[in-house]
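# Summary of structural features
Okay, here's what each chain looks like letter by letter:
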There are 2 protein chains.
Amino acid sequence: MPDVSLNLGERSYVVHVANASLSNLGFRVSRRRLTGKAALITDSNVYPLYGEQVKMSLEDSGYSVSTHIMEAGEANKTMRTVEMLAEEMVRAGHDRSSFVVALGGGVVGDVAGFTAATYYRGIPFVQVPTTVMAQVDSSVGGKTGVNLPCGKNLVGSFHQPQLVLADPTTLTSLPPRVMREGMAEMVKHAALSRPAMLRALQNAADEIDLGFTLRTVEKLPELIADNVTIKAGIVEADERETSGVRAYLNLGHTLGHGIEAAVPYGSLLHGEAVSLGMRAALYLSRKLGGLSREDEREVLDTLRALELPLVLPQEVDIDRALALTTADKKFAGGRIRFVLLHRCGAPYLADNVTQQDLLAAMKELTKPC
Amino acid sequence: MPDVSLNLGERSYVVHVANASLSNLGFRVSRRRLTGKAALITDSNVYPLYGEQVKMSLEDSGYSVSTHIMEAGEANKTMRTVEMLAEEMVRAGHDRSSFVVALGGGVVGDVAGFTAATYYRGIPFVQVPTTVMAQVDSSVGGKTGVNLPCGKNLVGSFHQPQLVLADPTTLTSLPPRVMREGMAEMVKHAALSRPAMLRALQNAADEIDLGFTLRTVEKLPELIADNVTIKAGIVEADERETSGVRAYLNLGHTLGHGIEAAVPYGSLLHGEAVSLGMRAALYLSRKLGGLSREDEREVLDTLRALELPLVLPQEVDIDRALALTTADKKFAGGRIRFVLLHRCGAPYLADNVTQQDLLAAMKELTKPC
């Protein structure tokens with residue numbers, strides 16, 4: 001399995017995807033010519049599982065390592081946590097010559113990445129993602145940041161990592177529901193630019209049902225690396241989300257964020273809300289973008305095979321979800337930018353989606369599928 | 001008076017220095033092709049003086065403006081203030097198409113700049129500095145950031161402004177002591193690269209003593225623009241402080257920060273501590289760098305003419321100031337990097353300054369001068 005390259009000029013790096021690669025982290029980091037001390041940032045869930053292994057790998061390659069453990073959970077993705085981590089790093093003797101290792105899921109990657117982006121006005125960092133969502137999506141592309149009380153990801157930096165090291169064996173420790181929600185992002189990538197991969201994901205879904213077998217685990221690196229290639233291509237085309245190409249990655253996320261924000265925290269996982277958001281986007285794509293019923297069905301079948309939700313939970317207040325959607329940050333200059341598909345593999349940015357369309361799409365989500 | 005240019009590739013901009021230029025801000029901003037809404041960030045001291053004037057200038061050029069007022073003072077240069085400002089900006093309807101205008105002294109510039117650097121992962125901003133220190137130093141070069149409880153400027157970003165507009169008439173509202181402390185940075189710039197300017201500063205000092213006359217105010221733009229040219233050249237040579245050239249700007253700041261941190265907050269202004277730090281650096285430069293007594297005297301005479309302190313206040317605990325100095329962030333990889341002068345106009349980074357040298361320099365500061 002060759003590394004996936006991101007060609008971003010002087011900010012280029014690779015995503016290394018291999019089973020059991022956690023124990024090679026120190027070697028890979030030293031090959032990247034990172035010197036100085038390492039600040040290992042992880043969370044209270046991940047540290048007991050992989051913290052010591054990662055620390056030892058770094059130490060075996062000669063690095064001095066301090067460990068900083070944040071409380072797990074989206075609720076801790078805050079400025080306060082960044083400040084606390086930076087304080088700890090100062091006390092541990094880190095200066096501008098140090099680097100950060102982010103070990104964990106999307107929240108750890110975003111928080112540790114933003115800490116690295118701003119500590120002494122920016123030090124290098126390495127992403128070691130341990131969830132599906134983090135391995136195929138959030139660890140790649142340099143978006144870092146925290147939430148504000150009034151909204152998600154509103155404060156942050158573009159700060160590319162020096163290296164992403166993804167060890168798919170870490171996924172076997174995930175609860176099946178968390179594994180499945182992460183695969184919603186893989187479906188999104190496939191629908192955006194490689195429809196053939198949808199079938200591979202349907203097959204993978206069957207195997208997750210049966211629990212992880214040796215054979216499944218052996219297939220994961222290829223499945224993940226292939227999927228990362230899609231994200232890498234989009235980031236290369238539009239590193240700082242200025243041309244519109246990177247905005248395609250918001251497929252399913254616009255209404256998805258609104259739905260996620262409208263339910264009590266934790267009742268819908270992010271990927272589950274994205275699954276609902278994708279169904280809505282497919283409906284609008286058929287109505288406004290000429291998407292065929294066959295293409296719509298192929299994506300819906302994949303989401304269904306992964307047992308991701310396609311029908312809005314009854315407790316969701318549609319009006320509230322819509323209000324939260326239009327308060328979402330995906331609207332530039334007051335205009336609604338909505339990612340739709342002409343067909344699978346052919347996304348576009350629609351600017352003609354009306355409030356009525358959004359309401360109709362949301363109502364569609366109350367119907368069986 | 002031509003604008004001072006900073007040539008930083010796609011991040012290039014100008015520093016426009018002119019009396020009464022505040023009322024031209026809107027025009028200058030529109031010439032820079034900034035579109036979108038403006039978030040005017042200022043503090044509780046500056047808003048009553050210039051807030052409405054700046055807002056009106058922007059509105060007259062067609063901008064929609066929201067105003068955000070932070071509490072004045074270094075104690076509010078925190079992550080918490082950045083979070084509060086970002087929250088306010090969200091509520092005022094700002095998104096990634098907005099821009100920030102930072103109106104005030106060094107604290108406002110650093111906090112508003114860091115808010116702009118991280119809001120939606122970075123939006124443009126304009127610096128409108130209203131103190132000497134901010135006009136000749138902190139507004140130019142893209143350093144933004146906040147303090148941590150354990151140290152100053154430890155979290156931040158490099159984020160270049162789109163434009164710096166300095167109106168020297170705003171300086172006439174400064175208390176003389178604040179005016180003088182700002183001039184310590186001007187002396188620093190002159191000592192680093194244009195010794196002839198020291199005499200001009202001595203002459204200016206006499207005029208401040210007499211209060212601002214029309215003639216003094218007329219001379220300020222040239223004095224400030226000339227001084228900014230020095231800073232601009234250093235930033236152009238080493239934008240992100242990687243080659244060592246930009247580190248020259250720490251002349252007088254290493255021991256200065258230690259001294260500043262060792263006294264009760266506010267008993268020494270930043271520029272006053274820098275003046276003491278410069279005397280110490282001159283002493284070490286004579287001892288280790290071959291600086292002549294004549295060059296040392298020329299700088300000391302300028303600081304003295306500006307009535308800046310050259311003798312350590314009795315309450316300063318030398319051991320504590322030294323401990324705080326070595327805890328300071330100017331030490332990379334555990335090694336002390338100290339800016340010294342071979343002669344005025346010829347700085348260098350010394351790596352052979354010992355703890356004994358620092359103690360001797362600190363003791364020198366207890367002697368009359």
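One structure accompanies this document, and this report is about it. (Residues numbered from 1 in each chain as written. Chains lettered and ligands numbered in written order. Predicted model: local features only at pLDDT ≥ 70, side-chain atom pairs only at ≥ 80, totals over all residues. Heavy atoms only, no water.)

So, on to the interface of chain B and chain A. For interface size, the figure often reported is the accessible area lost on association. Tallying the contact residues gives 35 residues for chain B and 35 residues for chain A. When the two sides are added together, the surface that chain B and chain A hide from each other amounts to roughly 3100 Å², 55% of it contributed by carbon and sulfur. Sorting the residues of chain B by area buried against chain A places B:Met79, B:Arg96 and B:Arg121 first, and these three jointly supply 26% of that buried surface. At the junction of chain B and chain A, the tally comes to zero salt bridges. At the surface where chain B touches chain A, the tally comes to eight residue pairs in polar contact (both at pLDDT 80 or more). Every element with two or more residues in the side of chain B that touches chain A is listed here: α3 (79-91), α4 (106-118), β7 (143-148) and β8 (151-158) of chain B. If one sorts the elements of the side of chain B that touches chain A by residue count, α3(B) sits on top with seven residues. Within the side of chain B that touches chain A, the residues separate by chemical class into 16 nonpolar, nine polar and ten charged. (Contact = heavy atoms within 4.5 Å. Buried area = accessible area lost by both parts, 1.4 Å probe. Salt bridge = Lys/Arg side-chain N within 4 Å of Asp/Glu carboxyl O. Polar contact = N/O pair within 3.5 Å; in protein donor to acceptor, adjacent residues only side chain to side chain. Helix = DSSP H or I, 4+ residues; strand = E, 2+ residues; numbered from the N terminus. Nonpolar A, V, L, I, M, F, W, Y, C, P; charged D, E, K, R; others polar.)

So, about the pairing of strand β10 (residues 338-343) of chain B. Residue and element names in this part refer to chain B. Of the pairings in the sheet, the one linking β10 to strand β11 (residues 346-350) comprises five bridges and is antiparallel in character. Paired with Phe338 across the bridge in β11 is Ala350. Connecting β10 to the antiparallel partner β11 that follows it, the hairpin turn spans two residues, and Gly345 within it adopts a positive phi of roughly 95°. (Pairing = 2+ DSSP bridges.)

Residues and elements named next belong to chain B. Here we have seven strands laid out as an open sheet, ordered β1-β2-β9-β6-β5-β3-β4, and mixed in their pairing. Every interior strand has two partners, whereas the edge strands, β1 (4-6) and β4 (65-70), have only one. Mean inter-strand twist for the sheet, computed between neighbouring axes without regard to direction, equals 15°. Looking at chain direction, β1 and strand β2 (residues 13-17) are connected through three bridges and run antiparallel. Opposite Ser5, over in β2, you have Val14 as the bridge partner. Sitting on the sheet, helix α2 (residues 47-60) is in contact with β3 (38-43), β4 and β5 (99-104), with an inclination near 170° to β3. The strands touched by α4 within the sheet are β3, β4, β5 and β6 (125-129), with β5 carrying the most contacts at an inclination of about 170°. (Axes fitted to C-alpha atoms, helices over the stretch in contact; angles between N-to-C directions.)

Let's shift gears to unusual backbone geometry. The phi angle of most residues is negative, glycine excepted, and most peptide bonds adopt the trans form. Phi at A:Glu307 takes a positive value of approximately 60°, unusual for a residue other than glycine. Tracing the backbone through its elements, the reader meets A:Glu307 in the loop between α11 (293-305) and α12 (318-326). The residue B:Glu241 is not glycine, and still its phi comes out positive at about 55°. On the basis of relative accessible area, B:Glu241 is assigned to the buried category, the value being 9%. (Buried < 20%, exposed > 50% of the residue type's maximum accessible area, 1.4 Å probe, protein only.)

Our next topic: α2(B). Each full turn of the α-helix corresponds to 3.6 residues, which orients residues three or four apart in the same direction. All names here are of chain B. Look at α2: 18 Å from first C-alpha to last across 14 residues, which is about the 20 Å you get at 1.5 Å a residue. Residues Tyr50, Gly51, Val54, Lys55, Ser57 and Leu58 constitute the buried set of α2. Buried residues of α2, seen end-on, are gathered within an arc of 160° and therefore sit on one face of the element. Across α2 from its buried face, at more than 90 degrees, point the exposed residues Pro48 and Asp60. Residues of α2 that are buried make contact with α1 (25-31), β3, β4 and β5. (Expected span 1.5 Å × (residues − 1). Arc of directions from axis to C-beta.)

Right, let's get into the sheet that holds strand β4 (residues 65-70) of chain A. Whether parallel or antiparallel, the strands of a sheet pair through hydrogen bonds between backbone atoms. Residues and elements named next belong to chain A. Taken in spatial order, the seven strands line up as β1-β2-β9-β6-β5-β3-β4 in an open sheet, and their pairing is mixed. Each edge of the open sheet carries a strand with a single partner, namely β1 (4-6) and β4. Across the sheet, the mean angle separating the axes of adjacent strands is 15° when strand polarity is ignored. Sheet contacts for helix α2 (residues 47-60): β3 (38-43), β4 and β5 (99-104); angle to β3, the most-contacted strand, approximately 170°.

A word on the relation of the copies chain B and chain A. It takes a turn of 180° to lay chain B on chain A, together with a shift of 0.0 Å along the axis; the resulting RMSD is 0.0 Å. What the rotation and shift describe, once combined, is the action of a two-fold rotation axis. Within chain B, the C-alpha atom positioned nearest to the axis of rotation is that of B:Met79, 3.3 Å from it. By residue overlap, the copies meet face to face through one surface: 100% of the interface positions of chain B are interface positions in chain A. (Least-squares fit on C-alpha atoms with pLDDT ≥ 70 in both.)

Take the pattern of salt bridges next. Per the counting criterion, the structure on display carries 40 salt bridges over all chains. For the salt bridge of A:Asp110 with A:Lys77, the shortest nitrogen-to-oxygen distance reads 2.7 Å. Residue A:Asp110 is located in helix α4 (residues 106-118), and its partner A:Lys77 is located in the loop between β4 and α3 (79-91); the two are separated by 33 residues in the primary sequence. Classification of A:Asp110 by relative accessible area gives buried; the value is 10%. For A:Lys77, a relative accessible area of 4% translates into the label buried. Here B:Arg180 ties to B:Glu307 by a salt bridge, and the two come within 3.9 Å at their closest N and O atoms. Here B:Arg180, found in helix α6 (residues 176-193), pairs with B:Glu307, found in the loop between α11 (293-305) and α12 (318-326); they are 127 residues apart in sequence, far enough to count as distant. With relative accessibility at 9%, the residue B:Arg180 sits in the buried group.

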